[in-house]
Amino acid sequence: MRNRVEIKSDAKQLIRVSHVSPLVMSALLVVITFVLERLPILAGFPFFTVGYAQAYLDAMVTGSYAAVEEIFLSLLQRASPFFFFLPILVSLATLVLNSGYYIYCMGIRRGAVMPYSTLLDGLGVAGKLIWCWVQMTVRLFLWTSLFIIPGIIAAYRYRFAYYNILTDSSLSAGDAIRLSCQQTYGVKMELFILDLSFIGWNLLVPFTFGVLNIWLIPYMTLCDLAYFEDAQNRLGRSFFSGNGWEV
């Protein structure tokens, strides 16, 4: 198994030599995600009129929390059900979009030319990805409710579940999660140390107004996929198991 230094060096090299630039692809991902995440805010504007804004400011100035509560209850009564489901829909759309980005990164690891349209390739298994997200969310909630540490361990245990669905569409969501538990057996600490090595970069992201993510996202994803590829090899599975994607 390659060590962390080699994996990170390989990831930097891939960012430099890939046919379709990971920096351009990640910039596209960042922009689309930025727009999607602000849709719920835009959807709330029709409900939050100037009158509500003035009433809210007056309530905050006077310190009347009962008035603030009354304002929000009034907003809830006026809002449509779609307004409340929109953040969930945005999260699911972002999940599928990120999955397309994972497919792109998997392709450039094999030397393939991956077009920008690859970002939409996650739509083909969107149902399984969403069901996998639901199952992992429930399990992580249950583990975290016991204590924080079991929740963190569980998160690392399920880390490769999405990758499994994207590389082998014959797997069910439950199979992908169980396979991830096998793949991460004995390497969860290495993955944790890998994440720690990126903390400095992540702390710098807000100071660059998110621009640093354009480089950091492919760097982190390619490193993560290297561990996934090693895990596949240990279990005697190919990186792409039956999807027929060729270089």
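Remember, predicted model here, so these are calculated numbers, not experimental data. (Residues numbered from 1 in each chain as written. Predicted model: local features only at pLDDT ≥ 70, side-chain atom pairs only at ≥ 80, totals over all residues. Heavy atoms only, no water.)

> Break down the environment of Ala 126 for me, with residues and values.
With respect to the helices and strands, Ala 126 occurs in helix α7 (residues 126–146). Along the backbone, Ala 126 and Val 96 are 30 residues apart, and their C-alpha atoms lie at a distance of 6.1 Å. (Helix = DSSP H or I, 4+ residues; strand = E, 2+ residues; numbered from the N terminus.)

> An account of the packing of helix α1 (residues 4–17) against helix α13 (residues 213–234) is requested, with residue identities and associated values reported.
The N-to-C vectors of α1 and α13 enclose an angle of 130°; their axes lie 9 Å apart at closest approach. What the angle tells us is that α1 and α13 run oblique. Regarding α1 and α13, the two cross each other, and that crossing is right-handed. Counted together, Arg 4, Ile 7, Lys 8, Ala 11, Lys 12, Leu 14 and Ile 15 of α1 and Trp 215, Pro 218, Tyr 219, Leu 222, Cys 223, Ala 226, Tyr 227 and Asp 230 of α13 form the full contact between these two elements. Taken together, the residues of the contact of α1 with α13 break down into eleven nonpolar, no polar and four charged. (Axes fitted to C-alpha atoms, helices over the stretch in contact; angles between N-to-C directions. Parallel < 35°, antiparallel > 145°, perpendicular 65-115°, else oblique. Left-handed = near helix turned anticlockwise from the far one by under 90°. Contact = heavy atoms within 4.5 Å. Nonpolar A, V, L, I, M, F, W, Y, C, P; charged D, E, K, R; others polar.)

> Go over the environment of Ile 7 with me, naming the residues and quoting the values.
With respect to the helices and strands, Ile 7 occurs in helix α1. Residue class for Ile 7 comes out buried when judged on its relative accessible area of 2%. Considering only alpha carbons, one finds Ile 7 and Cys 223, 216 residues apart in sequence, at a separation of 5.9 Å. Apart from the residues within four sequence positions on either side, Ile 7 is in contact with Arg 2, Cys 223, Ala 226, Tyr 227 and Asp 230. (Buried < 20%, exposed > 50% of the residue type's maximum accessible area, 1.4 Å probe, protein only.)

> I'd love a proper account of α7, names of residues and values included.
Since the α-helix turns once every 3.6 residues, residues separated by three or four places project in the same direction. Given a rise of 1.5 Å per residue, 21 residues ought to cover 30 Å, and the 31 Å separating the end C-alpha atoms of α7 matches this to within 8%. Of all the residues in α7, the buried ones are Ala 126, Leu 129, Cys 132, Gln 135 and Met 136. (Expected span 1.5 Å × (residues − 1).)

> Account for a nonpolar patch on the surface, naming residues and giving values.
Together, Trp 143, Leu 146, Phe 147, Ile 148, Ile 149, Ile 152 and Ile 153 line one region of the surface with nonpolar side chains, adding up to about 690 Å² of accessible area. Contributions of two or more residues to the nonpolar patch are made by α7 and α8 (148–157). The element best represented in the nonpolar patch is α8, accounting for four residues. Note that Leu 146 resides in helix α7. (Patch = residues over 30% accessible without salt bridge, like charges linked within 9 Å, V, L, I, M, F, W, Y side chains within 5 Å. Areas by Shrake-Rupley, 256 points an atom, 1.4 Å probe, with all protein chains shown as cover. Salt bridge = Lys/Arg side-chain N within 4 Å of Asp/Glu carboxyl O.)

> Tell me what's going on with the pattern of salt bridges, and back it up with residues and numbers.
Side-chain pairs of opposite charge can arise where the charged atoms are in close proximity. Here the structure, examined in full by the defined rule, presents five salt bridges. Between Glu 229 and Arg 109 there is a salt bridge; the shortest N-O distance is 2.8 Å. Placement of Glu 229 in helix α13 and of Arg 109 in helix α6 (residues 81–109) is noted, with a sequence separation of 120 residues between them. Given the relative accessible area of 17%, Arg 109 is considered buried.

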